[in-house]
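Summary of the model geometry
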Amino acid sequence: MGKLRPALCGLCLALLLPLAVLAGRHLPTDTRPLVEEKYAGWSGVLRLWVFEGWAEDMDALPAWLNRCIARFEKRSPGVYVQPRYVDAGAITAMNDSGIPKPDMLLIPPGLLSSPEGLAPLIPPDNLRGPLAGCGAWGDAVYAVPVAMGGYLWAWNAALTEGIPDTWHAGGATLAAPGPQPWRRWDAALLALCSGRYSEEAPNAPAQTPAPPLPGVDLGLAGSETPAPTPPPAAPEGELSCRLPDGFRFEDDAWRRFANGEVAAMPVTQREVRRLQALSAQGKGPDWRLCAGACAFTDQLLCLAVVDAPGAEEQRALCAAFLTCLLEDACQGDLCRAACFSVTDAGSGYDAGDPLLILDAALRDPGLCAPNCFDAHWQDDCAGIVREFTDNAAEAWRLWRSLAGRLRKNPNI
């Protein structure tokens with residue numbers, strides 16, 4: 001019996017060989033050697049630096065970005081995108097610090113004063129028209145918006161029936177924050193106030209409350225959901241909005257509005273979410289939202305690709321990653337980050353979400369935004385807005401001047 005056992009084992013192994021060959025034909029092929037050959041000399045990792053100061057709440061943005069990265073990696077075997085959140089100094093010193101450069105950047109307008117060290121990109125076809133020139137420098141494009149935020153009016157229905165045509169008379173009170181990094185509240189206020197009105201009703205509310213939209217439940221017993229009002233048609237007439245005499249920007253504008261001390265203030269998506277949170281606790285004012293006269297945003301997050309010698313394969317993959325970020329699947333998921341689509345795709349907000357009014361306002365064909373590499377627009381903006389706050393010129397004329405300045409290519 002002892003002598004038969006080795007013979008039986010050998011016979012079994014011989015019978016298994018044809019089965020192994022047959023199984024090999026049907027099992028998935030090991031692609032690792034092919035991937036290693038394709039990316040020989042490169043680790044397969046695309047390093048992405050994300051500016052950490054673009055949003056005050058940086059918990060939501062990574063959730064959106066990581067889902068987009070997962071989609072891209074699934075279709076690109078052997079390629080991995082490694083995001084790293086860095087401060088302004090790391091990005092501005094990228095060309096001189098001696099630290100290995102990333103392959104891509106996600107940056108807001110104004111962080112870099114030129115596209116030095118960046119590779120030109122093919123302008124995407126699906127980018128919304130008003131945003132097409134945001135990353136231009138001369139005759140080339142070096143950055144492309146992939147997400148954005150914006151500005152609205154928030155007003156207290158207990159203190160006003162809507163946003164008045166002018167703040168100079170009528171008793172409605174207004175508060176607005178001063179300019180902050182990556183939030184030019186002064187430019188936003190000028191855009192919101194840049195409509196014209198007629199003498200027939202010089203101080204009539206420009207907007208009136210709309211019935212609550214379906215689908216929003218903030219958990220308030222016995223009260224209606226604070227609902228956005230639809231964007232109004234631009235008022236026509238000869239008179240221009242003016243601010244109250246002695247108007248000044250205030251650091252505590254949010255506190256005053258949240259406490260019911262003022263009738264209205266400009267808000268971004270961040271303040272809207274904070275208002276919702278207050279309402280859910282039974283606190284805060286009886287707030288409403290509406291769009292302003294003109295659309296403006298400086299809240300853009302733009303992708304740029306770093307130019308490195310001999311890295312043609314990496315640059316092609318970075319361009320493919322940009323395409324992925326601009327696809328409907330990623331743009332339609334921006335609601336997760338309380339941001340908005342830069343293409344014609346929806347941003348993914350549920351029916352009745354108050355941020356839908358901001359989503360609609362940002363789709364205005366007249367939307368104005370600064371160039372990604374314009375280092376001087378904020379200084380010019382401050383001078384233009386100063387005339388507005390001093391009531392030294394008509395708001396609509398000043399807005400036309402600022403909008404023309406924003407549309408300039410900084411290298412022409």
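Everything below is about the structure printed above this text.
What this report covers is the structure whose coordinates are included nearby.

Criteria and thresholds
- Residues numbered from 1 in each chain as written.
- Predicted model: local features only at pLDDT ≥ 70, side-chain atom pairs only at ≥ 80, totals over all residues.
- Heavy atoms only, no water.
- Helix = DSSP H or I, 4+ residues; strand = E, 2+ residues; numbered from the N terminus.
- Buried < 20%, exposed > 50% of the residue type's maximum accessible area, 1.4 Å probe, protein only.
- Contact = heavy atoms within 4.5 Å.
- Pairing = 2+ DSSP bridges.
- Axes fitted to C-alpha atoms, helices over the stretch in contact; angles between N-to-C directions.
- Expected span 1.5 Å × (residues − 1).

1. Topic: the overall build of the protein chain
For the protein chain, the count of helices and strands is 12 helices and 13 strands. Among the 412 residues that make up the protein chain, the fraction classed as buried is 47%. Residue pairs at least 24 apart in sequence account for 78% of intrachain contacts in the protein chain once pairs closer than 6 positions are excluded.

2. Details of the sheet that holds strand β11 (residues 264-267)
Strand order in the open sheet made by the three strands is β11-β8-β12, with antiparallel pairing throughout. Each having just a single partner strand, β11 and β12 (287-290) make up the two edges of the open sheet. Between one strand axis and the next, the sheet turns through 30° on average, direction left out of account. The sheet contact formed by strand β8 (residues 152-156) and β11 spans four bridges and is antiparallel. Each bridged residue has a counterpart across the sheet, and for Trp 155 the counterpart in β11 is Ala 264. Packing of helix α5 (residues 185-192) onto the sheet brings it into contact with β8 and β11, and relative to β11 it is tilted by some 115°. Of the strands in this sheet, β8, β11 and β12 touch helix α7 (residues 269-280), which is tilted by about 155° from β12.

3. Examining the pairing of strand β1 (residues 45-51)
Among the seven residues that make up β1, five are buried, leaving the element largely enclosed by the rest of the structure. As defined by bridge partners, β1 adjoins strand β2 (residues 80-86) across seven bridges and the pair is classed as parallel. Along β2, the bridge assignment pairs Arg 47 with Gln 82. Judged from the three bridges that link them, β1 and strand β3 (residues 104-107) form a sheet pairing that is parallel. Within the sheet, the bridge partner assigned to Trp 49 lies in β3 and is Leu 105.

4. Describing helix α12 (residues 395-406)
If you check α12, its first and last C-alpha atoms are 16 Å apart, about what 12 residues at 1.5 Å a residue would give, namely 16 Å. Of all the positions in α12, only Ala 395, Trp 396, Leu 398, Trp 399, Leu 402, Ala 403, Arg 405 and Leu 406 are classed as buried. Contacts made by the buried residues of α12 are with α5, β9 (196-197), β10 (239-240) and α11 (377-389).

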